[in-house]
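# Coordinate inspection notes
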Amino acid sequence: MCGIHGAVTANGRPHRLSPVLERRLRNRGPDHLGTVEAQLSPAEGSLCVTLTSTVLSLRGDHLAKQPLVDAESGFVLCWNGEAWKLRGNPVEGNDGEAVLSLLTAAASRDQGSEDSVLDALRSIDGPFAFIFLDRRAKRLYYGRDRLGRRSLLLKRGDEFLLSSIAEAPAEGWAEVEADGCYTVQLDATDSPAELVPVRHDWDENKDLVSSIGIFNASVPASTVTTAPLTSQSPSVEQLRHHLTASLQLRVLNVPRPPMAEMSDARVAVLFSGGLDCTVLARMASDMIPPEQAIDLINVAFENPRIAAQNAGLSTDELYELCPDRMTGRKSFAELSTVCPDRRWRFVTVNVPYDETCAHRAELIDLIYPHNTEMDLSIACALYFAARGQGMGQLAPGLEAAEPYSTTARVLLSGLGADELFGGYVRHATAFTRSGYPGLIDELKLDVGRLGKRNLGRDDRVMAHWSREVRFPYLDESLVKWAVELPAWEKCDFDNQGNGCDLEPEKRVLRLLAESLGMRSVATEKKRAIQFGARTAKMESGKVKGTTLLLP
Ligand SMILES: Nc1ncnc2c1ncn2[C@@H]1O[C@H](COP(=O)(O)OP(=O)(O)OP(=O)(O)O)[C@@H](O)[C@H]1O
Ligand SMILES: NC(=O)CC[C@H](N)C(=O)O
């Protein structure tokens, strides 16, 4: 992941980062830190733009130092992201450099027309947050991709500030919405407080969900029961196709991490052992060179409330009884059987309560502006999982584990599958209550709010460890296919136990898991991360998920 920061200040005075913010940005991008200052006009009282990037270098054969500057025009790009495709074509080499060329060419056309730059930005497929300065037109562009897979925050006041991460004290920052791309005209005023961001839709078609696809709201005729969703259903093969394409972009051509050997892991899976992440591990194994290890990172927490209920058990026993630890071990064993030639490494991350407490203040800053107990408990699990430090073992069984820190800088997360394919209990409840119309409303809501609810927050806590999390289920092509698919091709609440013995929730993915030889994983029940890893409700008492962390 990279860190980006942009500041528009008055009187030609450049912005200086605070030591805390600089540290947090460096954590996101340990390979390089660069700053570019741009005085917009020599006149006294004019605005100054200070752009800073830190880089975690993951694309191409060299470190692309940022901010990226076009030598001829002086245009500047801060790029935190992975452009997998530009105008539908896969990107070879470094993507940040390719995006700068694309934007520079667009900004140089039609006398710096905003429209051609926006058109170029709309043609990027992949997760990103960016800041782009068109010096000639004195215009700043910024935004997050349509799903909001990368964080970007804004703070307005005497200075106009954009940043991947908030500055402590964190008050005043708001997430930039992933609902479009924003521009600010810098020559309209001498006062940063008066700058007015203008939003431009990612797509003018308002019927699209997350500006990606038209949600298929078809309902089967009420008198007819739909045909069961089985291994023969076309959506199973289509899902395999889309997931393969998505994974190829995300796990191939990952550079060897610094200090790593050829056989060390470049990719790790955030591994609860549940259906979504285990399918990713299984399919990634078919693509990654066989001699390379794949790390499976499984986090479990010491939870004093649960310890008090099980006074006879040791802390180590309690870690092993964590629901995700048990599922993780089971799925590790299944992966080892199905792909015996792969070097799988199961990495157990056990987090003592003291350590959770010691990191609490930092975590509260990192997740800001999210600020509920539930945000904290989810983020806490992701934070320690992404740190990737624990005990590693190369074969199932408890004996051969030794201290280990993952070498991988790329982490895979299974997030998104529940929203796309109907994996939550809510979906079953909606179907029971109001049939397909109720289920469809629920699914549509979930896909539309994915980025807003989770992704900015999750990016901020996981990038902290100089790693980049990638979401194969949130590939634009896969999401488009999934939202355009009829609901009964994703899950099958109409035919429970009739023609297929797998659970109805996200059955299409269960069928795919089964076809990949993962019968046990195909039957796993959904368990939210904060309960699976036991970060929720650490103290007995009445703290609710919705309780605010900061008054
Ligand atoms: N205990 C854990 N240890 C490590 N990573 C985890 C853990 N729990 C969840 N994750 C990661 O976070 C992702 C999203 O978590 P979420 O709670 O939404 O689970 P999920 O959607 O049911 O996925 P899965 O079926 O993979 O558990 C998971 O797909 C996995 O990559
Ligand atoms: N990880 C990042 O966001 C860095 C930007 C770019 N993808 C690179 O690898 O150089």
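This one's a predicted model, so the numbers in the text were calculated from it and none came from an experiment. (Residues numbered from 1 in each chain as written. Chains lettered and ligands numbered in written order. Predicted model: local features only at pLDDT ≥ 70, side-chain atom pairs only at ≥ 80, totals over all residues. Heavy atoms only, no water.)

### Concerning the UniProt feature "binding site: ATP" (unreviewed entry) in the chain
This chain's UniProt record puts "binding site: ATP" (unreviewed entry) on Leu 270, Ser 413 and Gly 414. A maximum C-alpha distance of 7.8 Å is found for the annotated residues, which run over 145 residues; spatially they form one tight group. Mapped onto the secondary structure, Leu 270 falls in strand E18 (residues 267-270). Take Leu 270: its relative accessible area is 11%, and that puts it in the buried class. Residue placement: Ser 413 occurs in the loop between strand E23 (410-412) and helix H11 (417-421). Taking the relative accessible area as the measure of exposure, Ser 413 reaches 10% and is therefore buried. When near neighbours in sequence (up to four residues on either side) are disregarded, Ser 413 contacts Leu 270, Leu 280, Val 469, Arg 470, Phe 471 and Pro 472. From its side chain, Ser 413 meets the backbone nitrogen of Leu 415 in a polar contact 3.1 Å long. (UniProt positions renumbered as here; feature names shortened; annotations may be inferred. Helix = DSSP H or I, 4+ residues; strand = E, 2+ residues; numbered from the N terminus. Buried < 20%, exposed > 50% of the residue type's maximum accessible area, 1.4 Å probe, protein only. Contact = heavy atoms within 4.5 Å. Polar contact = N/O pair within 3.5 Å; in protein donor to acceptor, adjacent residues only side chain to side chain.)

### Some remarks on helix H10 (residues 373-387)
Taking 1.5 Å of rise per residue, the 15 residues of H10 would be expected to cover 21 Å, and the 21 Å separating its terminal C-alpha atoms lies within 8% of that figure. Across the 15 residues of H10, 13 count as buried, placing the element largely inside the fold. Once H10 ends, the next one or two residues include Gly 388, with phi positive near 70°. (Expected span 1.5 Å × (residues − 1).)

### Considerations on the domain arrangement of the chain
You can read the domains of the chain as domain 1 (3-209) and domain 2 (231-532). Each partner contributes to the roughly 3,000 Å² buried at the junction of domain 1 and domain 2, and carbon and sulfur atoms together form 54% of this total. Put simply, domain 1 and domain 2 have 10 salt bridges between them. Taking the shortest distance from any N to any O, the salt bridge between Asp 365 and Arg 24 comes out at 2.9 Å. Joining domain 1 to domain 2, the criterion identifies 13 residue pairs in polar contact (both at pLDDT 80 or more). The dominant element in the side of domain 1 that touches domain 2, judged by the number of residues it contributes, is helix H1 (residues 19-28), at 4 residues. In the side of domain 1 that touches domain 2, the residues fall into 14 nonpolar, 7 polar and 14 charged. (Domains from an automatic or database assignment. Buried area = accessible area lost by both parts, 1.4 Å probe. Salt bridge = Lys/Arg side-chain N within 4 Å of Asp/Glu carboxyl O. Nonpolar A, V, L, I, M, F, W, Y, C, P; charged D, E, K, R; others polar.)

### Details of the side chain of Lys 506
Structurally, the position occupied by Lys 506 is in the loop between helix H14 (476-484) and helix H15 (507-515). Setting aside residues no more than four positions away along its own chain, Lys 506 makes contact with Leu 275, Asp 276, Ala 417, Asp 418, Phe 421, Gly 422, Gly 423, Lys 490, Cys 491 and Lys 526.

### Focus: the site of ligand 1
By nearness alone, 20 residues border ligand 1, and Leu 270, Ser 272, Cys 277, Asp 418 and Lys 526 come closest of all. At a separation of 3.0 Å, a nitrogen atom of ligand 1 approaches a polar backbone atom of Val 299. Contact distances for ligand 1 include 2.9 Å between an oxygen atom and a backbone N or O atom of Ile 529. Surface burial for ligand 1 is 94%, taken as the share of its 570 Å² of free accessible area covered by protein chains. Secondary structure elements with two or more residues in the shell around ligand 1: helix H5 (275-285) and strand E19 (294-301). Split into classes, the residues belonging to the shell around ligand 1 amount to 10 nonpolar, 5 polar and 5 charged. (Near = heavy atom within 4 Å. Areas by Shrake-Rupley, 256 points an atom, 1.4 Å probe, with all protein chains shown as cover.)

### With respect to a nonpolar patch on the surface
A cluster of nonpolar side chains, Leu 313, Leu 321 and Met 326, forms an exposed patch at the surface whose accessible area comes to about 240 Å². Considering the arrangement of structural elements, one finds Leu 313 in the loop between helix H6 (304-309) and helix H7 (315-321). Accessibility expressed as a relative area gives 32% for Leu 313, which makes it partly exposed. (Patch = residues over 30% accessible without salt bridge, like charges linked within 9 Å, V, L, I, M, F, W, Y side chains within 5 Å.)

### Topic: the site of ligand 2
In the region of ligand 2, 14 residues are neighbours, and Cys 2, Leu 58, Gly 81, Asn 94 and Asp 95 sit closest. The side chain of Asn 80 places a nitrogen or oxygen atom 3.2 Å from an oxygen atom of ligand 2. A distance of 3.0 Å is found between a nitrogen atom of ligand 2 and a side-chain nitrogen or oxygen belonging to Glu 82. Protein chains bury 100% of the 290 Å² of accessible surface belonging to ligand 2 in isolation. At 3 residues, the largest contribution of residues to the shell around ligand 2 is made by strand E5 (residues 76-81). For the shell around ligand 2, the class distribution of residues is 5 nonpolar, 5 polar and 4 charged.

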